[in-house]
Amino acid sequence: MLATRRAAHAEESAEVEVLFANVKKMKAVTKKIEASMARLEQSGRTVQEAIGPVYGNTQRLQTQNDNIDRIQAAIGKLREPIDMQDREERILRSRPDRVGLQEYISSIDRTSQALRSLKSTNMRSNQQVISNLTNLLQIGTENLEGVFRDMLREDSQPIEPLKQITTGKDYPRMSSNKASQLRTVNQHIAGYASQAAQTNELAPSAKVYAHERGQYIMLSLQNLATASKSTARKVDASAVYRQGSNGIGSYAQGLQGMYTAEYDNICHIFSRDEWGPVLLATCQSSLAAFASTLRDLDAHVRENILTDCYLAYEIIEVVSGMSHHLESKTGELKYALSEALKPVRETAKSSLSILLNDTRSKVQQMQALPVDGSTVPLTTEVMTRLQLMTAYLPPLSSIMRSLGDGGWSSPSATSSTTSIPTIKSFDVGADGKQLFAHYATDTIEILISNLESRSRSLLRGKGLQGVFLANNICVVGRLIRNSELDSLLQGTQPKIDAWRKKASTSYNEAWRDATKELLDSQYTARAARPPSTGVAVDSGAILKSLNSKDRDDVKKKFTNFNTNFDELVTKHKSYKMEPEVRQTLAGELSFVGTMYERFWQRYHEVDKGRGKYVKYDKQQMSALLAGL
């Protein structure tokens, strides 16, 4: 056991000695490593001190190299526009059709880009190149304008709009391919114009478009303008204008169609903010020609105002309708058309008072009236004039609203365009038909009142005056009933009835004077008066109750009545009455028969049936009155 322990102890001791020996070796190796590290560190310091300046120089050189590369790149970019100047100049100074439109446009794009780049550098050394490129770009743009003009002229041959008007076909428009090409060219021209810092005026391409297409429209409408003037010429100075007989309707229709088509073309070629200005510029020359035509027609109307005022009304209606249509389609041209229409509108306004004054003056200038009580032609003329006016209610309503209710009665209100407006002229809610009814009523009232006044001066006897007035009132009423005036002048009927009643009263006055002889009130005081109706009257007994003087008075009354009655009947039959007037006036004479019958029943025995004083019995009187 002990031996075993000793053997194990000896073995462990040997291992310890080996470990100690290894430790000594490690310490020796460690010392060697430390010595080597010290030498290496010393060598590193030496190397660092030698290489440090070289490394710093290398970094600075690398930075300089980078800066040089960047400078060279910038110089290359700066030189690039200069280098491309010769190449682009060869293209831009050539005609676009030689190098190709697309290549020409691409060259302009490159030149524009180069010019923008040079301008952004703000370097003095580039000013000459900038000037050269600007001139070059201007040349290219001018050549593009020529291309733009040539492309427009291909589709700008004048047409005859009458073909579209009569057939209802659409007016010519540019094809989508042509519009696309024009839009591309326009964009480049407009781009240069904006880069050249021009004012707010139209771009050069827009000016070219306005000139070429403006000429196209004006030349196309030239024949319609001529036709409008020629159709206004009168062969018969007294002939009244017939609606639609002038060419202004076709002219306006052609103008509207061509403007609408042109606006569609503009929308496909120009930008949204250019549509209105380009359209106005394009239509300027044709609008000026249209305004000139309207001035010529206005002069014609003013020279023939009494017969051709309806042409002014028609022009207002046609042009106003065209203006509203174009405004809804384009949003433009309303003011320009309104200015063109202004002279005609003022003439139309003045015509209302002129017509009233003409009616008044014509009646007052009459030196004689029909001795048979028949109507004067002026009555039919005035009513026909009002009938014709009903065909122009929209334009008449417009000008009457601007004048205000009753404004047509004052010549000064319509003779000047600078007259001060009245409160009535601002009544925008006024009913146009009602205003026309008031005007027509004023016209009829002026006619009838002046005829009545003139008849009192020129016609003898109230009977004849009444017949004359009744005949003219009858014609007025008939022409109202048989036309569009009937529905418009419902409110005028009470006035017409009052005038008719006045005429009947005037006519009946002579008959009432005659029947005064049949009044016998002076005899009723002497005896009780027998009843007038319902009881048989003894004429002989009544006469016996009278003294000889009273009987002589009765005979005288019969004689005077017979004389007056026969004279009135003769006159009545000599009068030329309208059928309605004859029937009305004869019907109103029933009071004569009633009074005669009563007087006859009481005194017919005064001549014992010999007929010396009592010329008519009651049956004969009734038949005679019925025959009137």
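What you are looking at is a predicted structure, and each value in this text was computed from that prediction instead of being measured. (Residues numbered from 1 in each chain as written. Predicted model: local features only at pLDDT ≥ 70, side-chain atom pairs only at ≥ 80, totals over all residues. Heavy atoms only, no water.)

Draft legend 1. Focus on the overall build of the chain. From N to C terminus, the chain includes 24 helices and zero strands. When burial is assessed residue by residue, the chain has 40% of its 628 residues classed as buried. For the chain, restricting intrachain contacts to residue pairs at least 6 apart in sequence, the fraction spanning at least 24 positions comes to 80%. A total of about 34100 Å² of accessible surface is found on the chain, and carbon and sulfur atoms cover 52% of it. (Helix = DSSP H or I, 4+ residues; strand = E, 2+ residues; numbered from the N terminus. Buried < 20%, exposed > 50% of the residue type's maximum accessible area, 1.4 Å probe, protein only. Contact = heavy atoms within 4.5 Å. Areas by Shrake-Rupley, 256 points an atom, 1.4 Å probe, with all protein chains shown as cover.)

Draft legend 2. Summary view of the side chain of threonine 260. Counting through the fold element by element, threonine 260 comes out in helix 9 (residues 248–269). The class for threonine 260 is buried, based on a relative accessible area of 15%. Once residues lying within four places of it in the same chain are set aside, the contact partners of threonine 260 are Arg173, His325 and Leu326.

Draft legend 3. Region of the structure containing the packing of aromatic side chains. Taken as a whole and assessed by the stated rule, the structure comprises seven aromatic pairs. Seen in terms of ring centroids, tyrosine 251 and phenylalanine 290 are 5.0 Å apart; in terms of plane orientation they differ by 75°. Their pairing is edge-to-face. Residue tyrosine 251 is located in helix 9, and its partner phenylalanine 290 is located in helix 10 (residues 275–303); the two are separated by 39 residues in the primary sequence. Across this residue pair, the class does not change: tyrosine 251 and phenylalanine 290 are buried. Relative to tyrosine 439, the ring of tryptophan 408 has its centre 5.5 Å away and its plane inclined at 90°; by these criteria the two rings are edge-to-face. (Phe/Tyr/Trp six-rings, centres within 6.5 Å; stacked < 30°, edge-to-face > 60°.)

Draft legend 4. Region of the structure containing the pattern of salt bridges. Under the criterion given, the structure shown has 22 salt bridges. The partner of glutamate 381 in a salt bridge is lysine 362, and the shortest N-O contact between them spans 2.9 Å. Here the residue glutamate 381 occupies a position in helix 13 (residues 377–389), and lysine 362 occupies one in helix 12 (residues 334–364), the gap between them amounting to 19 residues. The partly exposed category is assigned to glutamate 381, whose relative accessible area is 34%. (Salt bridge = Lys/Arg side-chain N within 4 Å of Asp/Glu carboxyl O.)

Draft legend 5. Structural view of the packing of helix 9 against helix 10. Contact pair helix 9 / helix 10: the axes reach a minimum separation of 10 Å and the direction vectors enclose 170°. The orientation of helix 9 relative to helix 10 falls into the category roughly antiparallel. Mapping the contact onto sequence places Ile248, Tyr251, Leu255, Tyr259, Glu262, Tyr263, Ile266 and Cys267 in helix 9 and Trp275, Val278, Leu279, Thr282, Cys283, Ser286, Leu287, Ala289, Phe290, Thr293, Leu294 and Leu297 in helix 10. A class-by-class count of the residues in the contact of helix 9 with helix 10 yields 16 nonpolar, three polar and one charged. (Axes fitted to C-alpha atoms, helices over the stretch in contact; angles between N-to-C directions. Parallel < 35°, antiparallel > 145°, perpendicular 65-115°, else oblique. Nonpolar A, V, L, I, M, F, W, Y, C, P; charged D, E, K, R; others polar.)

Draft legend 6. A look at the environment of serine 176. Inspection of the secondary structure assignment puts serine 176 in helix 6 (residues 176–195). Exposure remark for serine 176: the relative accessible area of 65% places this residue in the exposed category. Taking the C-alpha atoms as reference, serine 176 lies 9.3 Å from asparagine 265; in sequence the two are 89 residues apart.

Draft legend 7. Structural context of the packing of helix 8 (residues 222–230) against helix 10. Contact geometry of helix 8 with helix 10 gives a least axis separation of 10 Å together with a crossing angle of 5°. Viewed along their axes, helix 8 and helix 10 adopt a mutual orientation that is roughly parallel. Packed against helix 8, whose contacting residues are Ala225, Ser228 and Lys229, the element helix 10 presents Thr293, Asp296 and Leu297 at the interface. Of the residues assigned to the contact of helix 8 with helix 10, the class counts are two nonpolar, two polar and two charged.

Draft legend 8. Quick peek at the environment of alanine 179. Examined against the element boundaries, alanine 179 turns out to sit in helix 6. Each C-alpha atom of the pair alanine 179 and asparagine 265 lies 7.2 Å from the other, and the pair is 86 residues apart in sequence. Setting aside chain neighbours within four positions, we find alanine 179 in contact with His268 and Ile269.

Draft legend 9. Layout of the nonpolar core. Counting residues in hydrophobic clusters, the biggest one holds 117 residues, and the most contacted among them are Phe148, Tyr313, Leu352 and Met389. In this structure tyrosine 313 touches Ala348, Ser351, Leu352, Leu355, Met389, Tyr392, Pro395, Leu396 and Ile399, once residues within four positions along its chain are discounted. (Core = buried A, V, L, I, M, F, W, Y, C linked by side-chain atoms within 4.5 Å.)

Draft legend 10. How the structure looks around unusual backbone geometry. Positive phi outside glycine occurs at leucine 333, with the angle close to 75°. Summarising the element assignment, leucine 333 is placed in the loop between helix 11 (305–330) and helix 12.

Draft legend 11. Just a nonpolar patch on the surface, in detail. A contiguous nonpolar surface patch, about 400 Å² in accessible area, is contributed by Val29, Ile33, Met37 and Leu40. Take methionine 37: it is sitting in helix 1 (residues 2–92). By relative accessible area, which is 51% here, methionine 37 ends up exposed. (Patch = residues over 30% accessible without salt bridge, like charges linked within 9 Å, V, L, I, M, F, W, Y side chains within 5 Å.)

Structural measurements only, silent on function.
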